[in-house]
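The chain contents come next:
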Amino acid sequence: MNFIEDIPVRGHYDLIVAGGGVAGVAAALSAQRLGKNVLLIEKSIMLGGLSTIGLINFFVPMCNGRGKLIIRGMAEELLRLSIRYGYDSIPEDWKNGEPVKPTLQRYCTRYSPQIFALAMTELLHNAGITIRFDSVVSMPVMNGLHCDGVIVESKSGREYFSAGVVVDATGDAEVLYRANVPIRQGKNYFSYYGHALTLESCRLAWETKDIAKAITGRHGGNADLYGRNHPAGMPVYTGTNANEISRFVVLNQCQMLDNIRTETRTSRDIITLPTMCQFRTIRCIDGDYCLTIGDQYRHFADSVGAINDFDQRDFLYEIPYRTLVRSGFDNLITAGRCVCGDGYAWDVLRVIPPAIISGQAAGTAAALVLDSGRPIYDIDIVQLQQTLEKAKVMIHFNDSLIPEKLADDVNVESEHF
Ligand SMILES: Cc1cc2nc3c(=O)[nH]c(=O)nc-3n(C[C@H](O)[C@H](O)[C@H](O)COP(=O)(O)OP(=O)(O)OC[C@H]3O[C@@H](n4cnc5c(N)ncnc54)[C@H](O)[C@@H]3O)c2cc1C
């Protein structure tokens, strides 16, 4: 505690959210809507994280692939916000919400990352949430397994903020890791993508009167989430080491320049490069439960939201609350891509709509335990689920959505604990 005595105390908040990606935004907003005083600390100067400054401007499908909306609540709210002032690519059948008839079109959309960031800032600002941009949460201050608050580094120097609850929405479990909460490590392939314009894409946009068609892309590394196109012999990246991250950026930027060198100089421009590394899985909490693909179609008594696989039609999951917390740590919780999942199940959890759902759950849980005084890992789960349902989250998927040919093969029994 001597260390803290030298650092100016800047205030107390009910909830501090570290990281202003979509998960952090959802957590902050959910707690604020339940009457809590919230500070959101973001190291860049835009909200949205990978979904904006990382240039990942695509809400993956939020339906089962047969016309049923699965991922609702704040994910649906933020999807609609992402396109309110900018372009979209919502399929015709979903333009006005859930279609009346079954459809194979999937509910997903592209959006302008910059305009989405502006809209999120306005939303949080108008809600009365305090946003600290250009500020890094550098260290949680622990008192045993309890987090008293966080140390923040910024142009204002080193400051201390105390909190009732802290949500780690940093995308790489930075706060949890430094608080000695057990974590799991991911791996990342060589990929780097920027937004570009070409004369041809601008002509197409002009002809169709659709500005989205002007945006095209340019790659450095071009590996996908399964590691396809990862250069032979190149190690994978953990994303947890500054030298390794710098090497990743340098190699990718050189590769991108190589890729465009032969193009006619005046025929195109790169309009934005990502300002955070496009790493998919860095660290997640080693939570009280780890979701696996074996949990497909499984109901959890502590579900905080039904989600669907973004890639494969019909495949459904529920997010157990235990994937957000670790027993013993009474006021630390996580959300977004730091939620505990294994292999492809981590991928299913970390994409934008589920990241928003876990953010909404984390912020709501924080608000409830601030009122009840219970440890966050021992929340009244029924109260949490009822509160989330009121905020339009689908807690459990309906078994009628399990395809008949699968129904006999999978274990759909509820888990009890
Ligand atoms: C290459 C790639 C392609 C993808 N494609 C898609 C796709 O098509 N569709 C889709 O839905 N998802 C996609 N995803 C996944 C998705 O973009 C992310 O998983 C999701 O946006 C994660 O949101 P988040 O809020 O959990 O974390 P992040 O977006 O990582 O946000 C974390 C925020 O915390 C801030 N931060 C970090 N550390 C600190 C600190 N110490 N102090 C203060 N602030 C801090 C960061 O600046 C950032 O703003 C893709 C991801 C990648 C990498």
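Residues numbered from 1 in each chain as written. Predicted model: local features only at pLDDT ≥ 70, side-chain atom pairs only at ≥ 80, totals over all residues.

Glancing now at the overall build of the protein. Counting its secondary structure elements, the protein contains eleven helices and 16 strands. In terms of C-alpha radius of gyration, the protein reaches 21 Å, essentially the compact-globule figure of 22 Å for 417 residues. A principal-axis box enclosing the C-alpha atoms of the protein has dimensions of 60 × 60 × 45 Å. A buried classification covers 48% of the 417 residues belonging to the protein. Taking all contacts inside the protein whose residues are at least 6 apart in sequence as the whole, residues at least 24 apart take part in 74%. (Helix = DSSP H or I, 4+ residues; strand = E, 2+ residues; numbered from the N terminus. Rg over C-alpha atoms; globule rule 2.2 N^0.38 Å. Buried ≥ 20, exposed ≤ 12 C-beta atoms within 10 Å, placed from the backbone. Contact = placed C-beta atoms within 7 Å.)

What the domain assignment reports for the protein is domain 1 (1–185 + 281–417) and domain 2 (191–272). One C-alpha centre belongs to domain 1, the other to domain 2, and the line joining them spans 28 Å. Across the side of domain 1 that touches domain 2, the residue classes break down as three nonpolar, two polar and four charged. (Domains from an automatic or database assignment. Nonpolar A, V, L, I, M, F, W, Y, C, P; charged D, E, K, R; others polar.)

Here we take up the nonpolar core. I16, V150, V167 and A366 are the most contacted members of the largest nonpolar core, which has 107 residues in total. A per-element tally of this core places helix 9 (residues 352–372) first, with twelve residues. Setting aside residues no more than four positions away along its own chain, I16 makes contact with L39, I41, V150, F161, A163 and V166. Counting five residues, the second largest nonpolar core, distinct from the first, contains Y237, C277, F279 and I282. (Core = buried A, V, L, I, M, F, W, Y, C linked by C-beta atoms within 7 Å.)

It is worth spelling out the site of the ligand at this point. Every one of the 35 residues lining the ligand counts as a neighbour, but G19, G21, G49, G171 and G336 are closest to it. Within the residue set of the shell around the ligand, elements represented by two or more residues are helix 2 (22–33), strand 3 (58–59), strand 6 (136–143) and helix 9. Looking at the shell around the ligand, the element that brings in the most residues is helix 2, giving three residues. Grouping the amino acids of the shell around the ligand by side-chain chemistry returns 17 nonpolar, twelve polar and six charged. (Near = placed C-beta within 6 Å.)

Moving on: the sheet that holds strand 11 (residues 216–222). Here three strands make up an open sheet; going across it, the order is 11-10-12 and the pairing antiparallel. Each having just a single partner strand, strand 11 and strand 12 (268–272) make up the two edges of the open sheet. Geometrically, the sheet is characterised by an average inter-axis angle of 40° between neighbouring strands, direction not taken into account. Bridging between strand 10 (residues 191–198) and strand 12 involves four bridges; their strand directions are antiparallel. (Pairing = 2+ DSSP bridges. Axes fitted to C-alpha atoms, helices over the stretch in contact; angles between N-to-C directions.)

Our next topic: the packing of helix 9 against helix 10 (residues 381–390). Two numbers describe how helix 9 lies on helix 10: the axes approach to 10 Å, and their chain directions differ by 125°. When the axis of helix 9 is compared with that of helix 10, the two are oblique. You can see that helix 9 and helix 10 cross each other, and the crossing is right-handed. Two secondary-structure elements touch here, helix 9 through Q360, A361, T364, A365 and L368 and helix 10 through Q383, L384, T387 and L388. Looking at side-chain class alone, the contact of helix 9 with helix 10 contains five nonpolar, four polar and no charged residues. (Parallel < 35°, antiparallel > 145°, perpendicular 65-115°, else oblique. Left-handed = near helix turned anticlockwise from the far one by under 90°.)

Over its twelve residues, helix 3 (residues 73–84) extends 17 Å from the first C-alpha to the last, a length consistent with the 16 Å expected when each residue adds 1.5 Å. Among all positions in helix 3, only G73, M74, A75, E76, L78, L79 and S82 are buried. (Expected span 1.5 Å × (residues − 1).)

Attention now goes to unusual backbone geometry. A positive phi angle is found at L55, which is not glycine, with a value near 65°. Mapped onto the elements, L55 comes out in the loop between strand 2 (38–41) and strand 3. Owing to 22 C-beta atoms within 10 Å, L55 belongs among the buried residues under this scheme. The phi torsion at N229 lies on the positive side, around 75°, for a residue other than glycine. Examined against the element boundaries, N229 turns out to sit in the loop between strand 11 and helix 7 (242–260).

Structurally, A212 can be placed in the loop between helix 6 (199–208) and strand 11. Classification of A212 by C-beta neighbours within 10 Å gives partly exposed; the count is 16. Contact partners of A212, with chain neighbours within four places excluded, come to Y87, S89 and R110.

Our focus in this paragraph is the pairing of strand 7 (residues 146–154). As defined by bridge partners, strand 6 adjoins strand 7 across seven bridges and the pair is classed as antiparallel. Opposite P140, over in strand 7, you have V150 as the bridge partner. Here strand 6 folds back onto strand 7, and the loop between the two strands holds two residues, one of which, G144, carries a positive phi near 70°. Note: strand 7 against strand 8 (residues 157–168), six bridges, orientation antiparallel. If you follow S154 over to strand 8, its bridge partner there is G157. Between strand 7 and strand 8, which pair antiparallel one after the other, the connecting turn spans two residues.

So, about the confidence of the model for the protein. Taken over all residues, the pLDDT of the protein has a mean of 95, while the share at 70 or more is 96%. Taken element by element, the protein is modelled with least confidence in helix 1 (residues 2–5), mean pLDDT 63, and with most confidence in helix 2, mean pLDDT 99. Confidence drops under pLDDT 50 across residues 407–417; counting only partners more than four residues distant or on other chains, this segment forms 17 contacts. (pLDDT = per-residue confidence, 0-100.)

Our next topic: the environment of G363. Tracing the sequence through the fold places G363 in helix 9. Assessed through the 33 C-beta atoms surrounding it within 10 Å, G363 is described here as buried. Taking C-alpha positions, G363 is 13 Å from G19, a pair spaced 344 residues apart along the chain. For G363, the contacting residues outside a window of four places in its chain are A26, A27, A28, L29, S30, A31 and V167.

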